[in-house]
Amino acid sequence: MAEVCKECGNDEFNQGRLGNGTTAVTPLNKVMGSSFMTLTFCSQCGEVSSMKVDKPEKFR
Ligand SMILES: [Zn+2]
């Protein structure tokens, strides 16, 4: 990854999943559907570089 942490300059990142039912992202205008989010964060200081909704198609 060419990315560099803006906090500490480290270039190693880890990924983790955000959401476990109650904290998953849910659409505002639909009853059904939800998605987890994937976080990419610095392995040194934990600064989050990217936050991505796993299934954006569920919100269409
Ligand atoms: Zn960092």
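Notes on the structure in this doc start here. (Residues numbered from 1 in each chain as written. Predicted model: local features only at pLDDT ≥ 70, side-chain atom pairs only at ≥ 80, totals over all residues. Heavy atoms only, no water.)

1. Overview of the coordination of the zinc ion
- Distances from the zinc ion to its protein donors, Cys 5 (SG), Cys 8 (SG), Cys 42 (SG) and Cys 45 (SG), fall within 2.3 Å.
- Each of the four donor atoms around the zinc ion contributes to a set of angles spanning 105 to 116°, which defines the coordination as tetrahedral.
- The buried category is assigned to Cys 5, whose relative accessible area is 5%.
- Classification of Cys 45 as partly exposed rests on a relative accessible area of 42%. (Donors = N, O, S within 2.8 Å, 3.2 Å for Na, K, Ca; no water. Tetrahedral: all angles 85-135°; square planar, octahedral: opposite > 155°, others 65-115°. Buried < 20%, exposed > 50% of the residue type's maximum accessible area, 1.4 Å probe, protein only.)

2. Comments concerning the environment of Leu 28
- Assignment of secondary structure puts Leu 28 in the loop between β1 (13–18) and β2 (37–42).
- The class for Leu 28 is exposed, based on a relative accessible area of 90%.
- Along the sequence, Leu 28 and Phe 59 sit 31 residues apart, while their C-alpha atoms lie 8.7 Å from each other. (Helix = DSSP H or I, 4+ residues; strand = E, 2+ residues; numbered from the N terminus.)

3. Let's talk about the side chain of Ser 35
- Its place among the elements puts Ser 35 in the loop between β1 and β2.
- In this structure the side chain of Ser 35 is engaged in a polar contact, spanning 2.9 Å, whose partner is the backbone nitrogen of Lys 55.
- Those residues in contact with Ser 35, other than ones at most four positions away along the chain, are Ala 24, Val 25, Val 53, Asp 54, Lys 55 and Phe 59. (Polar contact = N/O pair within 3.5 Å; in protein donor to acceptor, adjacent residues only side chain to side chain. Contact = heavy atoms within 4.5 Å.)

4. Remarks on a nonpolar patch on the surface
- A grouping of Leu 18, Val 48 and Met 51 is seen on the molecular surface, where their side chains present a nonpolar patch of about 240 Å² in accessible area.
- As for its placement among the helices and strands, Val 48 is situated in strand β3 (residues 48–53).
- Judged by its relative accessible area of 35%, Val 48 is partly exposed. (Patch = residues over 30% accessible without salt bridge, like charges linked within 9 Å, V, L, I, M, F, W, Y side chains within 5 Å. Areas by Shrake-Rupley, 256 points an atom, 1.4 Å probe, with all protein chains shown as cover. Salt bridge = Lys/Arg side-chain N within 4 Å of Asp/Glu carboxyl O.)

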